[in-house]
Amino acid sequence: MSDAATRLRGKDLLGIADLTAAEITLVLDTAEAMKEIASRPIKKVPALRGKTVVNLFYEPSTRTRTSFEIAEKRLSADTLSIAIASSSVVKGETLVDTALNLEAMAPDIIVLRHGSSGACHLLSRICRAAIVNAGDGMHEHPTQGLLDAFTIRERKGRLAGLKVAIVGDLLHSRVFRSNILLLTKMGADVWGCGPPTLLPPGLEQLGVHPTSRVEEAVRDADVVMMLRIQLERMQGGFFPSLREYFNVFGMTPERVALAKPDAIIMHPGPMNRGVEIASEVADGPGSVILDQVANGVAVRMAVLFLLAGGGEHVAAA
Amino acid sequence: MLRLLRGARVVDPISGLDGIRDILIDRDRIARIDISIPPSTCRGATVIELGAGLVVCPGFIDMHVHLREPGYEHKETVATGTASAVAGGFTAVACMPNTHPVNDNASVTRFILKQAAEAGLARVYPIGAVSQGSKGEQLAEIADMRDAGCVAFSDDGRPVATALLMRRALEYAGMFGMPIIDHCEDRSLSGEGVAHEGYHAAQLGLRGIPSAAEDVMVERDIVLADITGGHAHIAHISTAGALRAVRAGKARSVRITCEVAPHHFTMSDQWLAAPVSYDTNVKMNPPLRAAADRDALVEGIRDGSIDAIATDHAPHHADDKRVEFDRASFGIVGLETAVSLCLDRLVHADVIGWPRLVELLSVNPARILGVAGGSISVGRAADLTILAPDLPVIVNAARFRSKSRNTPFDGWSLRGGVAATIVGGRVVYVNPEVPTAAGLGPLSGGQP
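Overview of the structure. The model shown is predicted, which means the values in this text are computed figures rather than measured ones.

Residues and elements named next belong to chain B. The element strand β17 (residues 413-423) is extensively covered by neighbouring structure, given that nine of its 11 residues are classed as buried. Across eight bridges, strand β16 (residues 384-394) lies against β17 in antiparallel orientation. Among the inter-strand pairings, L387 is bridged to a residue of β17, identified as V418. Relative to strand β18 (residues 426-430), β17 runs antiparallel, the two sharing four bridges.

Our focus in this paragraph is the environment of F68 of chain A. Residues and elements named next belong to chain A. If you trace the backbone, F68 turns up in helix α2 (residues 63-74). Remark: the alpha-carbon pair of F68 and V297, spanning 229 residues in sequence, is separated by 6.7 Å. Residues within four places of F68 in sequence aside, it is in contact with N55, V111, V132, A134, T143, R300 and L304.

Residue and element names in this part refer to chain A. Its place among the elements puts L227 in the loop between β8 (223-226) and α9 (231-235). Owing to a relative accessible area of 2%, L227 belongs among the buried residues under this scheme. Note: C-alpha distance between L227 and P195 (32 residues apart in sequence) is 13 Å. Among all residues touching L227, those that are not within four sequence positions of it are I166, V167, G168, D169, L170, S173, V175, F176, H267, P268 and E276.

Our focus in this paragraph is the interface of chain A and chain B. Contacts between the two partners involve 25 residues from chain A, matched on the other side by 18 residues from chain B. Interface area, chain A with chain B, both sides summed: about 1,700 Å², of which 57% is carbon and sulfur. At the junction of chain A with chain B, the criterion picks out zero salt bridges. Those elements giving two or more residues to the side of chain A that touches chain B turn out to be α4 (95-103), α5 (119-126) and α7 (174-185) of chain A. The element best represented in the side of chain A that touches chain B is α5 of chain A, accounting for five residues.

Scanning the model with the defined rule gives five aromatic pairs over all chains in all. For the pair F409 of chain B and W412 of chain B, a centre-to-centre distance of 4.8 Å together with 85° between the ring planes defines the contact as edge-to-face. W412 of chain B carries the same exposure label as F409 of chain B, and that label is buried. An aromatic cluster of at least three residues, connected via ring pairs, comprises F239, Y245 and F249 of chain A. The ring of W191 of chain A has K163 of chain A lying over it, and the distance from NZ or CZ to the ring centre is 4.4 Å. One cation-aromatic arrangement involves K283 of chain B over F325 of chain B; the distance from NZ or CZ to the ring centre is 5.7 Å.

Consecutive residues of a regular strand have side chains that alternate between opposite faces of the sheet. All names here are of chain B. Taking burial as the measure, the 11 residues of strand β1 (residues 2-12) include nine buried ones, the bulk of the element. Of the strand pairs in this sheet, β1 and strand β2 (residues 17-26) are connected by nine bridges, and their pairing is antiparallel. In the sheet register, L2 faces β2, and the bridge partner there is D26. Taken together, β1 and the strand that follows it, β2, pair antiparallel across an intervening segment of four residues, in which G16 is found at a positive phi of about 75°. Summarising the sheet, β1 and strand β4 (residues 46-49) pair through four bridges and their orientation is parallel. Bridge pairing links L5 to I48 in β4. Bridge count for β1 against strand β5 (residues 55-58) is two bridges, and the pairing is parallel. For R9, the partnering residue across the bridge sits in β5 and is V55.

Parameters and conventions
- Residues numbered from 1 in each chain as written.
- Chains lettered and ligands numbered in written order.
- Predicted model: local features only at pLDDT ≥ 70, side-chain atom pairs only at ≥ 80, totals over all residues.
- Heavy atoms only, no water.
- Buried < 20%, exposed > 50% of the residue type's maximum accessible area, 1.4 Å probe, protein only.
- Helix = DSSP H or I, 4+ residues; strand = E, 2+ residues; numbered from the N terminus.
- Pairing = 2+ DSSP bridges.
- Contact = heavy atoms within 4.5 Å.
- Buried area = accessible area lost by both parts, 1.4 Å probe.
- Salt bridge = Lys/Arg side-chain N within 4 Å of Asp/Glu carboxyl O.
- Phe/Tyr/Trp six-rings, centres within 6.5 Å; stacked < 30°, edge-to-face > 60°.
- Lys NZ or Arg CZ within 6 Å of the ring centre and 35° of its normal.

Here it is, written out as structure tokens:
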């Protein structure tokens with residue numbers, strides 16, 4: 001692990017791929033300070049006062065958008081959320097034109113959620129504003145990866161050396177990509193599990209153990225993370241039925257029993273109860289699924305704060 | 001009008017010639033080739049001292065380009081495409097039929113040829129559609145298009161849709177001995193893919209186009225060429241597996257040929273990630289494959305399994321590329337970078353010698369398409385590509401003659417370039433950066 005970082009090197013947060021272990025630690029440490037704010041009677045600090053943040057969402061999102069909006073408001077930023085249905089994009093203006101128009105109004109940060117992998121990279125090349133990736137296609141969802149890591153660290157005290165099993169549709173998941181990049185950088189032992197049709201190529205190269213045997217992935221795990229299975233994957237022929245998926249890969253109390261007794265259960269949401277996870281597990285004692293949501297706000301505050309040039313204002317927070 | 005080109009190295013694999021020669025051009029034809037032709041013996045000739053630093057080759061033929069006219073004139077026209085061709089050293093191009101309307105009938109073929117004649121630069125050989133509208137259903141009027149000037153048939157941009165249609169096309173075009181050129185891609189396997197299925201696409205979250213999508217289609221075409229006796233030509237081969245299949249087919253004497261594009265033997269899928277991630281100028285179909293595929297293609301160029309180098313010149317307006325990666329159009333321009341890439345990466349890298357280079361860029365394309373050219377011989381048309389093998393070239397897309405700039409090679413430093421291009425005795429391009437070619441200019445002479 002490299003020396004402690006005091007700031008993020010990049011102008012943007014496009015993905016975990018661009019962060020060093022020291023930068024990841026910096027975000028997580030900063031998020032701890034931010035989390036404390038949520039317990040105050042007045043949940044607001046002036047750290048981003050006078051800064052303008054635009055939330056540009058090309059995909060429907062409740063959790064992530066709300067989380068960013070709350071984070072921005074708690075930092076006293078001026079915020080604006082724009083939801084654009086992908087259908088109108090086809091006939092409407094291009095992403096580049098939309099970005100240039102926003103850019104003309106001089107926002108400090110643009111938070112972008114988009115269905116195309118690499119959309120944030122495209123924006124970062126044309127905008128002076130800092131770009132925060134709130135999920136791009138099947139590529140990355142870095143703030144989700146960070147909040148997952150924050151939650152694990154909060155419960156386990158560390159990331160290095162933990163066995164983390166991630167089970168589900170790995171092929172199409174941006175959450176998976178951000179998580180494996182982050183967890184392997186921080187020294188965790190990461191297992192990726194799903195039907196062979198939903199395992200991306202090159203997992204070994206990324207330092208992940210691929211398997212289609214869920215028992216093998218879960219056995220002695222410290223962390224079990226489930227990913228959402230989307231109905232359209234069944235229609236795409238990746239597996240025969242949701243019923244069969246649950247039988248082979250669904251996280252049941254019996255399977256959870258193979259993990260360490262103090263294992264935590266995670267899910268980025270939204271959950272399909274009875275598809276990838278049984279309700280007994282989702283609502284069970286090891287579940288930290290709602291902690292993830294709470295921590296999302298703190299982690300996003302940390303990211304926005306650091307990208308807005310935070311370093312020198314630490315005291316203000 | 002007589003022109004005497006003196007003292008250059010002349011490479012002509014068909015006659016086995018590779019040496020210093022003088023060439024006398026009488027109007028549009030080669031009149032004489034000799035070790036020394038004293039100017040005193042050809043009175044009135046313009047004498048051009050090229051010198052041994054330049055290499056004269058039979059005119060290069062790019063058998064796979066998209067000229068976009070009719071229908072997409074904002075991307076390219078026959079005039080700008082052929083200007084790009086001659087600046088890139090090509091004396092002839094074969095243009096794919098995926099225009100709007102599709103070149104699936106003689107009137108479109110004649111229109112393209114009329115535009116080419118008006119431009120008066122490179123020769124243009126239209127490739128007709130295999131099926132009406134390239135829809136993969138009903139055969140297009142192949143004989144009619146042949147009479148109008150088509151030299152081959154293809155539904156390029158898409159594969160020949162069904163095995164049955166491919167079989168019928170091979171049989172039908174076979175009566176004229178003409179090739180079916182196939183863009184080999186099993187669409188059920190490639191789906192919505194935008195990049196080579198592998199480590200880099202997986203990491204970037206880009207939907208993959210597996211090598212198998214190409215391999216199974218090439219295998220299909222070889223089986224069908226075998227049973228029909230027809231000639232299948234594999235466009236832009238990109239995978240080691242497809243190349244293996246072609247080798248095996250050739251070994252059992254199936255009439256199968258293939259071409260490779262310069263980007264496929266110079267780049268690999270790691271360009272998706274760096275130096276610029278999600279650069280839409282590295283998005284093409286077939287995609288940049290794995291490094292092992294690229295290396296296999298270089299080996300295929302060396303050992304003769306690959307017949308031709310063709311650019312798949314695919315001009316797109318900047319608007320079609322300045323978008324999200326998965327929304328961007330497939331394809332790059334190639335006419336003005338191909339020769340430098342071949343010289344730098346193949347000849348100077350000692351993969352192949354000069355005669356083999358000329359086979360790949362001239363002899364074999366002429367043979368596959370059944371068109372004139374491919375040799376420098378007395379009485380034949382004076383179509384010549386003159387190269388400056390050691391010219392330092394820095395690719396500058398802003399100066400392309402093409403209407404489009406979609407290239408991943410902008411800024412590349414390469415060794416070797418085009419000195420001049422002569423079509424039918426007319427000097428149609430002179431590179432101002434090659435002093436020894438200056439005697440060829442200004443652009444004039446002969447009759448088209």
